[in-house]
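Overview (structure and organization)
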Amino acid sequence: MTLQQEIVGNAMQMAVVSLQPGQTVYCEAGKFLFKTTNVTMETRLGGPSGGGGQQLQPGGSGSGGMGGLLRQAMGTAMQAGQRALAGESPAFQYFTTQGGEGTVGFAGVLPGEMRALELDGTRAWFAEKDAFVAAESTVDFGIAFQGGRTGRSGGEGFVLEKFTGRGTVIIAGAGNFIDLNPAEFGGRVEVDTGCVVAFEEGIRYGVQRVGGLNRQGVMNAVFGGEGLSLATLEGDGRVILQSLTIESLANALKKAQGGDKQGPTGGVFSTNAQ
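A few words on the nonpolar core. Among the nonpolar cores identified, the biggest contains 21 residues, and Tyr-26, Phe-132, Phe-163, Val-169 and Ile-171 are the most heavily contacted of them. Every element with two or more residues in this core is listed here: β6 (91-97), β8 (114-120), β9 (125-128), β10 (132-136), β11 (139-145), β12 (159-172) and β15 (196-200). Here this core takes four residues from β12, the largest share from any one element. Excluding residues that lie within four positions of it along the chain, Ile-171 makes contacts with Glu-113, Met-114, Arg-115, Leu-117, Ala-131, Val-133, Phe-163, Val-197, Ala-198 and Ile-240. Leu-3, Val-17, Phe-95 and Val-104 belong to the second largest nonpolar core, which has 15 residues in total.

The next point concerns the sheet that holds strand β4 (residues 32-35). As summarised here, the arrangement of the four strands in space is β1-β2-β7-β4, forming an open sheet in which the pairing is antiparallel. The sheet terminates laterally at β1 (4-8) and β4, the two strands that pair on one side only. For this sheet the average axis-to-axis angle between neighbouring strands, irrespective of direction, equals 20°. Summarising the sheet, β4 and strand β7 (residues 102-107) pair through three bridges and their orientation is antiparallel. Within the sheet, the bridge partner assigned to Lys-35 lies in β7 and is Val-104.

So, about the sheet that holds strand β17 (residues 229-234). The antiparallel open sheet is built from three strands, whose spatial order is β14-β17-β16. Of all the strands in the sheet, the pair left with one neighbour each is β14 (188-191) and β16 (204-209). Here the strands of the sheet are splayed against their neighbours by 30° on average, with no regard to which way each runs. Note: β14 against β17, four bridges, orientation antiparallel. Note that in β17 the partner of Val-189 across the bridge is Leu-233.

Turning to the pattern of salt bridges, a few remarks are in order. With the rule as written, the count across this model stands at eight salt bridges. A salt bridge links Asp-130 to Lys-129, with the nearest nitrogen and oxygen atoms 3.5 Å apart. Given the relative accessible area of 36%, Asp-130 is considered partly exposed. The exposure class assigned to Lys-129 is partly exposed, which follows from its relative accessible area of 25%. A salt bridge links Asp-179 to Arg-238; its shortest N-O distance comes to 3.8 Å. With Asp-179 in strand β13 (residues 177-180) and Arg-238 in the loop between β17 and β18 (239-242), the pair connects residues that are 59 residues apart, well separated along the chain. For Asp-179, a relative accessible area of 39% gives the class partly exposed. Residue Arg-238 is classed as partly exposed on the basis of its relative accessible area, which comes to 36%. Three or more residues joined by partner-sharing salt bridges are found here, namely Arg-115, Asp-179 and Arg-238.

Take the pairing of β6 next. By the criterion of burial, β6 is predominantly enclosed, with six of the seven residues buried. As judged from the five bridges shared by strand β3 (residues 24-28) and β6, these two strands associate in the antiparallel manner. Bridge pairing links Val-25 to Phe-95 in β6. With seven bridges joining them, strand β5 (residues 39-45) and β6 adopt antiparallel strand pairing. Bridge pairing links Thr-43 to Gln-93 in β6.

For the protein, per-residue confidence averages 78 on the pLDDT scale, and residues scoring 70 or more make up 67% of the total. With pLDDT under 50 throughout, residues 50-63 is counted as low confidence; its partners more than four residues away or in other chains account for 30 contacts. This stretch, residues 262-270, has a pLDDT under 50; its non-local contacts, to residues over four places away or in other chains, come to 21 contacts.

Another point: the environment of Asp-236. With respect to the helices and strands, the residue Asp-236 is situated in the loop between β17 and β18. Residue contacts for Asp-236: discarding those within four places in its chain leaves Arg-123, Asn-181, Ala-183 and Ile-203. Here the side chain of Asp-236 touches Asn-181 through a polar contact of 2.8 Å, side chain to side chain.

Let's shift gears to the packing of aromatic side chains. Counted by the stated rule, this structure contains 12 aromatic pairs. Seen in terms of ring centroids, Tyr-26 and Phe-92 are 5.5 Å apart; in terms of plane orientation they differ by 80°. Their pairing is edge-to-face. Placement of the pair is Tyr-26 in strand β3 and Phe-92 in strand β6, with a sequence separation of 66 residues. Of the residues examined, Tyr-26 reaches a relative accessible area of 0% and is grouped as buried. Within the aromatic cluster, the residues linked to one another by ring pairs are Tyr-26, Phe-92, Tyr-94, Phe-132, Phe-141 and Phe-163. The aromatic ring of Tyr-94 is capped on one face by Arg-44, whose charged end is 4.1 Å from the ring centroid.

Conventions we followed
Residues numbered from 1 in each chain as written. Predicted model: local features only at pLDDT ≥ 70, side-chain atom pairs only at ≥ 80, totals over all residues. Heavy atoms only, no water. Core = buried A, V, L, I, M, F, W, Y, C linked by side-chain atoms within 4.5 Å. Buried < 20%, exposed > 50% of the residue type's maximum accessible area, 1.4 Å probe, protein only. Helix = DSSP H or I, 4+ residues; strand = E, 2+ residues; numbered from the N terminus. Contact = heavy atoms within 4.5 Å. Pairing = 2+ DSSP bridges. Axes fitted to C-alpha atoms, helices over the stretch in contact; angles between N-to-C directions. Salt bridge = Lys/Arg side-chain N within 4 Å of Asp/Glu carboxyl O. pLDDT = per-residue confidence, 0-100. Polar contact = N/O pair within 3.5 Å; in protein donor to acceptor, adjacent residues only side chain to side chain. Phe/Tyr/Trp six-rings, centres within 6.5 Å; stacked < 30°, edge-to-face > 60°. Lys NZ or Arg CZ within 6 Å of the ring centre and 35° of its normal.

Structure representation (structure tokens):
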């Protein structure tokens, strides 16, 4: 059953979901806005992929007895631990309608767009940390740690949210979205690390140094405002970018409050440390 949803608004969008009997949608804590009275709300640790999307059944019915309960509890704890390490809330809120159609509203936390992605079970989607808003209970939520050199250099790209299964998942970003496919631009695009919102499985994500260790490379890093690294996206698949980065929004707010921490040159000379 396809999730009926409508994304409304302009500068600060929200998703209005119409739940049919038997449908369940879950969201990250803090993304819920409103619901009708016939929609129940339940907070649980973990998402469907970690066992937290299903309630533990006393007596072990359908779960392999005490062994099943233990495995389910351990899966929930592991998923909650992963989310805690990623700096995200370990809790999800689940919404189910009772006695007819119900309505639930969700939104992101920054001014910008939202997007509903339809998963058919063949390709996973990866999104930046905090992009997730809500999804059907048939969509599995996981954390993908971008390890090694790429993760340490990539800033926002170190922790990625991973969505698998079938159904609708709703994501949000800052500013306006642009959709592109690297295959249509020679197979590779280079972007600010904070501009990546989401991409399909099959896209290779990496980080590269801005220029070489020469005069122009130093000029790019010091005066270009991009620091030392750019994100690279290669392959054939959908990519969603955002026009506003969290860092640029934070710097603009600090400047407006008389506390500009960017410094006269930006880039590697930024003084964002408190």
